[in-house]
Every structure is written in structure tokens, then in C-alpha cells.
Amino acid sequence: KASRVTMWMRPQYLRRWSNTLQNFHSSTKANHKLSVEGLASKTDLKGKNVLIRLDLNVPISKEGVITNDKRLRAVVPTLNFLKEQGANTVIATHLGRPKEPPFPDSMKSKVIVPRLSELIDVDVQYVDEIVGSKVSQASSELSSGGVMLLENVRFDKGETKNDDVFAAALAKSSNARYYVNDAFGTAHRAHASTAGVCKHMEFSAAGYLMEKELHYLKSAVEDPKRPLAAIIGGAKVSTKVPVIESLLNKCDKIFLGGGMIFTFYRALGLKVGDSLVEHDLIPLAKTLMDQAKLKGVELILPTDVVIANEFSETAQSKVVNVNEIPDGWLGLDIGPNTISNYSQSIATCKTVVWNGPMGVFEMPKYAQGTLYVAQALSDITKHGAVSIIGGGDSVAAVEQAGLGDGMSHISTGGGASLELLEGKELPGVAALSDA
């Protein structure tokens, strides 16, 4: 039986996915940028070098083994399309956040080569430099359909500074006049390989993964099937204020969970024991609730929580109403009544965007709220609703629950997806050629 990855390699599946993208809310502004198929229609790529920026920042064990290859599998359709066009593909990626040399082997891109070669059925050539004569010679000797992987682009300080000299060297060394960005996870960064290099290319296009991310996330807020809901969780209000403010102008319902809820409870005058509170943001939490009321948006807070007498898996714990949290206890998950209420209300929605867990899901004892929300989203997706998991811890929670295949879309970029939902223009997208 063919694996899912093997099936994705077949041209008919690439075309089917492309047609799905074209039909998915075609009015969205995401269509304004050149796609990789659009690039192929503008020029014959056979024998031409194409520089592609990917996000292959996969987790690596101490033994140097890839522990989750999801990000590799996500870019297979774009790499296979370029291969089918006969293009010579030069890959730029990053691994981790390198600071100063010497860099550990786990951050060197050669660790990716065996698995990537297996996925795309090509012997990927690795060059242990990013720019320069060695890269230039190797890229000039690529045969049609060949693939070459550069060293970790963040080993050069010019990358994160978006240095134009480095960007120009990257374009020159790769011998490429055409560029594809399929690294949505870094699209919110104005780096040399995600933005600056585009100035030195004839055409710059979005890969299939980038295109899919833009379609789903932009369509969710610009042209959604309604009711549109957002589920916002996580520890701190401060990291989610911009997205909440933006979603108040777009959503019908916003469900809150995670540690941030206790700042809202303090704004309502409730006692929260030793729960996490950002005291300087209490007035802002009150303002957000007032804005929701004025705009007719349901801003929904949990009615009960799971509390513990210390931040520990083995701590004494119990369920209480939110107005009954005693001193010395702290909230670590939403309660069973809230789980039931949230699940029932989510069932009425046609589009749901989720970013952030409902509790400390890393500890199984406090993961129930997060796992039940994941199940609720999987259930509505089976009945035709659109469920979008906006990166970060939400993705980990969905995968932990074994429900990844049950969602419409799981974003590969936490920060990028948040900024897109906030309505910001992503530098890595803005730099691409117009369609």
C-alpha cells in the first residue's frame, strides 16, 4: 500500500491539491502573489537553477536523529513539482538558533540529507557552505532535476540582519534567477533568505505549502464561513493581545483558556489565588471585554477550573467554580463544565481558528481541557466545518491527541500565523512577485 508521502509524489495528487487551493475562497487576497505553478507558466524551468527557502528546522535528538519529519514531508509537493519541471533546486534552510561558532553537528543541515533524499527520491547533494566559489561551482554542475542543500543559512550573521551583500551573494552563488519561498514558519522574519534575496531574482514565487497557509489563514479572517470562532489560549495575555484585538473585528465568538484567563478574572474583580496574573494588563483585559460587548462578539471565559496547591503533576487538585479559587491554589486547566459548554458552542461554528492550549497540557493531569477542545474541532471538521490550528503548542496538543488528520489545516508557523491573523503583512510574502 502506497504511503501518504509516496502518493503526494504523484503528479495527479499535486494537481488535485493545486485545484483545491484555487477553489478555496478564491476571492482572498492571498491570490495576489505568484505561485510556483505561475512561475512555471511564465518561464521554462528545465535546466534552470531555482533557489528555494524551506523551513526544515526539525527536532534532532542527541544522537543526531530526526525525531519528527513533519516539516520535511510538508515541502515534498513543491520539491517534486520543481523536479518534474526539470529545475535544478538549491535549498536554503535554517536549523535552530545558532549563535557563535563552532556550531554543533545537530545544527548543520547535512543531518537532513538522508531523510530528505528518501522523501523526494533524489540523492540530495550537501555543500558545507552557504555562499562562495564552492557553492557556485556545485550549483553550476547540477543536472536537470538535481537538488542541492546549502549549509544552515543562520551560520552567517548577514542572514538575520537581512544584509543585502549576503542576499546578493546567496543569489549569485546559487546561480539562480528564480526563487521560491515555501518556508511559512519564517515568513514573518525579514531575513536575507526570506526577503532580501528577492531583490536579486527575476521572479519570486510561493510554494505549495506557503500558498496553502496563506489561503487557509487569510480566508479564515477575510472570507470565512460563519459563525467564525477563535479559541485563544496560552499562559500570558501579553503575547495574545494583538491577535485578540484583531479578531474582535472579525469573529462571532472568542473562547479563552490557559493561564491568561486569570488576568481577565482579576479585571472582573474575582480572586484567583496564586494563579498567573499579569497585573499591568488587568485594565487592558477589562477594555477587551468592553470592546467585545460593544461589537456584539461573544468573549467567552471558563466557568470552572482545575486548581492545584502547587505547580506539579503530583499536587493535590480539585475542580472549583471560577469565583471560588482559594488562596494558595492556582488554576492549571479549564474544568468539566467549561469543556462541555465550549464543545457544545464550538459545534455551532463553521470556521474555527485555534491558537494556544487550554491548560498546562504538558502534564497529563491538566491536559483534559486542551484534548477535549481538539476533539471538538475534529468532530465539527467531519461535518464540513473548517478547523485551523494556528501553530505552536496547539499543534503539539493536536498531535498528542492523535487528531492531526482530523483538522482542515495545521499551520507550520506559530509566530507567522499569529501575525497573519493580526492582519500584519509578512515580509517573506510581501517580497514575492505579484501574480
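Before reading further, recall that the structure is shown in the block above.
Just so you know, these numbers come straight off a predicted model, no measurement behind them.

1. Quick word on the overall build of the protein
Here comes step 1: When helices and strands are tallied, the protein shows 17 helices and 15 strands.
Here comes step 2: On C-alpha atoms alone, the protein measures out to a radius of gyration of 23 Å, which is about the 22 Å that the 2.2 N^0.38 rule sets for 435 residues.
Here comes step 3: Counting every position in the protein, which comprises 435 residues, the buried fraction comes to 56%.
Here comes step 4: Taking contacts inside the protein between residues at least 6 apart in sequence as the whole, the part at least 24 apart equals 74%.
Here comes step 5: Accessible surface computed for the protein: about 18,200 Å², of which carbon and sulfur atoms make up 49%.
Here comes step 6: Once the 47 positive and 47 negative side-chain charges of the protein are each reduced to a mean point, those two points are 3 Å apart.

2. Quick word on the nonpolar core
Here comes step 1: Ranked by internal contacts, the top residues of the largest apolar core, which has 77 residues, are Ile-254, Leu-256 and Phe-264.
Here comes step 2: Looking at this core, the element that brings in the most residues is helix α9 (residues 208–222), giving six residues.
Here comes step 3: Dropping the residues within four chain positions of it, Ile-254 is found in contact with Ala-230, Ile-232, Ile-244, Leu-247, Leu-248, Val-297, Glu-298, Leu-299 and Ile-300.
Here comes step 4: The next biggest cluster of nonpolar side chains, apart from the first, holds 35 residues, and it includes Ile-52, Leu-56, Leu-72 and Leu-209.

3. A look at the packing of aromatic side chains
Here comes step 1: Tallied over the full model, the rule gives five aromatic pairs.
Here comes step 2: One cation-aromatic arrangement involves Lys-318 over Trp-329; the distance from NZ or CZ to the ring centre is 4.6 Å.

4. Side note on the sheet that holds strand β10 (residues 304–308)
In a beta sheet, neighbouring strands pair by backbone hydrogen bonds and run either parallel or antiparallel.
Here comes step 1: One open sheet accounts for three strands, arranged β11-β10-β12; its pairing is antiparallel. Pairing within the sheet leaves two strands with one partner each, and these edge strands are β11 (317–321) and β12 (330–334). Across the sheet, the axes of successive neighbouring strands diverge by a mean angle of 40°, strand direction being ignored.
Here comes step 2: Of the pairings in the sheet, the one linking β10 to β11 comprises five bridges and is antiparallel in character. Residue pairing for β11: Val-305 is matched across the bridge by Val-320.

5. A look at unusual backbone geometry
Here comes step 1: Residue Pro-101 is joined to Pro-102 through a cis peptide bond whose omega torsion reads 5°.
Here comes step 2: Following the sequence through the fold, Pro-102 ends up in the loop between β2 (88–92) and α6 (113–120).
Here comes step 3: Following Arg-226, the chain continues to Pro-227 via a peptide bond in cis, the omega torsion being 5°.
Here comes step 4: Checked against the element boundaries, Pro-227 lands in the loop between α9 and β7 (228–232).
Here comes step 5: Despite not being glycine, Asp-121 shows a phi value in the positive range, around 55°.
Here comes step 6: For Asp-121, the position within the fold is in the loop between α6 and β3 (125–126).
Here comes step 7: Here Asn-175, not a glycine, exhibits a phi torsion of approximately 55°, which is positive.
Here comes step 8: Among the structural elements, Asn-175 can be located in the loop between α8 (164–173) and β5 (178–181).
Here comes step 9: Its relative accessible area of 38% is what places Asn-175 among the partly exposed residues.

6. Description of the sheet that holds β2
Here comes step 1: Spatially, β3-β4-β2-β1-β5-β6 is the arrangement adopted by the six strands of the open sheet, whose pairing is parallel. Two strands bound the open sheet, and with one partner strand each, they are β3 and β6 (203–206).
Here comes step 2: Summarising the sheet, strand β1 (residues 49–53) and β5 pair through four bridges and their orientation is parallel. Counterpart to Ile-52 in the pairing with β5 is Val-180.

7. Focus: the pairing of strand β13 (residues 351–355)
Here comes step 1: With five of five residues buried, β13 lies mostly within the body of the structure.
Here comes step 2: A two-sided burial pattern is seen for β13, the buried positions comprising Thr-351, Val-353 and Asn-355 on one face and Val-352 and Trp-354 on the other.
Here comes step 3: Taken together, the five bridges between β7 and β13 define a ladder with parallel strand orientation. Paired with Ile-232 across the bridge in β13 is Asn-355.
Here comes step 4: Relative to strand β14 (residues 386–389), β13 runs parallel, the two sharing four bridges. Following the sheet pairing, Val-352 is matched in β14 by Ser-387.
Here comes step 5: Each parallel crossover has a hand, and for β13 linked through helix α14 (residues 368–382) to β14 it is right-handed.

Reading guide: rules and limits
- Residues numbered from 1 in each chain as written.
- Predicted model: local features only at pLDDT ≥ 70, side-chain atom pairs only at ≥ 80, totals over all residues.
- Heavy atoms only, no water.
- Helix = DSSP H or I, 4+ residues; strand = E, 2+ residues; numbered from the N terminus.
- Rg over C-alpha atoms; globule rule 2.2 N^0.38 Å.
- Buried < 20%, exposed > 50% of the residue type's maximum accessible area, 1.4 Å probe, protein only.
- Contact = heavy atoms within 4.5 Å.
- Areas by Shrake-Rupley, 256 points an atom, 1.4 Å probe, with all protein chains shown as cover.
- Lys, Arg positive; Asp, Glu negative; His and termini not counted.
- Charge placed at Lys NZ, Arg CZ, Asp CG, Glu CD.
- Core = buried A, V, L, I, M, F, W, Y, C linked by side-chain atoms within 4.5 Å.
- Phe/Tyr/Trp six-rings, centres within 6.5 Å; stacked < 30°, edge-to-face > 60°.
- Lys NZ or Arg CZ within 6 Å of the ring centre and 35° of its normal.
- Pairing = 2+ DSSP bridges.
- Axes fitted to C-alpha atoms, helices over the stretch in contact; angles between N-to-C directions.
- Right-handed = clockwise from strand over helix to strand, strands pointing away.

Scope: geometric values only; no functional claims are made or implied.
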